[in-house]
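Structure at a glance
The lines below spell out each chain.
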Amino acid sequence: MLNDNASLIIVSCALTIVMIGGGIDISVGAVTSLVVMSCVLYLNSGGSIIVSILLALGIGLGFGLVHGFLISYLEIQPFIVTLAGMFFARGMTTILSVNPQKADHEAFAKLRDMKIEIPFLGYTAKNGNFVPARMELGVVVALVCLIFIFILLKYVRLGRNFYAMGGNQQSALMLGINVKRTRFLSYILSGLLS
């Protein structure tokens, strides 16, 4: 289940931050599809994996900055801003390619097919052989994101500010929390994780 849903865990972490802060972001799926399409086309054109990762983070950061600025500082409703962002990302994805793409990059294929065996977990097949559990690299990334979000929300001041802002914005202002900056940072983190 973890191998199949690692990307959903990461996107759920993005939505968790925004929703705890009292906002909403419906563009994460479209932003993720734009990032994936951009990276696949870049890798198929002979690009490197490192630059592809930087491209993915740049696209997510760009969406996070725009959404955060429009919602936090211009005080436009989050549903409207992220709906527009969703339509923009879906449109850009269709402009890049209307056909499904598959990354044929050799180094990426090695990373995609790499599996980490966990010898003490697994199951016994019907023929009596023990089959160890195998975990893909995406699961490791998802678990690192999950631990990062847990530590951020539980032990870091910014995480407590998210909770305070989501509970009552006026009370958070009276406590001295910069609500605009905190909301802005929540959308930046959402964009990066998308």
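Scroll up to find the structure this text is about.
Described in the following lines is the structure provided in the data block. (Residues numbered from 1 in each chain as written. Predicted model: local features only at pLDDT ≥ 70, side-chain atom pairs only at ≥ 80, totals over all residues. Heavy atoms only, no water.)

What follows concerns the overall build of the protein chain. Helix and strand counts for the protein chain stand at nine helices and two strands. Dimensions of the protein chain along its principal axes, counting C-alpha atoms only, are 65 × 40 × 25 Å. Within the protein chain, the proportion of its 194 residues that are buried is 38%. By sequence separation, contacts in the protein chain at least 24 residues apart represent 63% of the contacts at least 6 residues apart. Of the roughly 11400 Å² of accessible surface on the protein chain, 68% is carried by carbon and sulfur atoms. Placing the 13 positive and 8 negative side-chain charges of the protein chain at their respective mean positions leaves the two points 10 Å apart. (Helix = DSSP H or I, 4+ residues; strand = E, 2+ residues; numbered from the N terminus. Buried < 20%, exposed > 50% of the residue type's maximum accessible area, 1.4 Å probe, protein only. Contact = heavy atoms within 4.5 Å. Areas by Shrake-Rupley, 256 points an atom, 1.4 Å probe, with all protein chains shown as cover. Lys, Arg positive; Asp, Glu negative; His and termini not counted. Charge placed at Lys NZ, Arg CZ, Asp CG, Glu CD.)

The next point concerns the state of the cysteines. Between two cysteines, a covalent bond joining their sulfur atoms is known as a disulfide. Overall, the coordinates contain zero disulfides when judged by the stated rule. For Cys13, which is in no disulfide, the shortest distance to another cysteine sulfur is to Cys145 and amounts to 6.2 Å. The class for Cys13 is buried, based on a relative accessible area of 4%. (Disulfide = S-S within 2.5 Å.)

Moving on: the packing of aromatic side chains. Under the counting rule described, the total for this entry stands at four aromatic pairs. Both rings, one in Phe63 and one in Phe88, keep their centres 6.0 Å apart while their planes meet at 50°; by these two values the pair is tilted. In this pair, Phe63 is assigned in helix 3 (residues 49–73) and Phe88 in helix 4 (residues 78–96), connecting sequence segments 25 residues apart. An angle of 80° between the planes, with centres 6.2 Å apart, marks the rings of Phe150 and Tyr155 as edge-to-face. Ring pairs connect the aromatic residues Phe69, Tyr73 and Phe184, which therefore count as one cluster. (Phe/Tyr/Trp six-rings, centres within 6.5 Å; stacked < 30°, edge-to-face > 60°.)

Now for the environment of Leu153. Structurally, Leu153 can be placed in helix 6 (residues 137–155). Here Leu153 falls in the buried class, since its relative accessible area comes to 10%. Here the alpha-carbon distance between Leu153 and Ala133, two residues 20 residues apart in the chain, equals 31 Å. Ignoring sequence-local partners within four residues, the contact set of Leu153 consists of Thr16, Ile20, Gly159, Arg160, Phe162 and Tyr163.

Everything listed here is a matter of geometry and, on its own, says nothing about what the molecule does.
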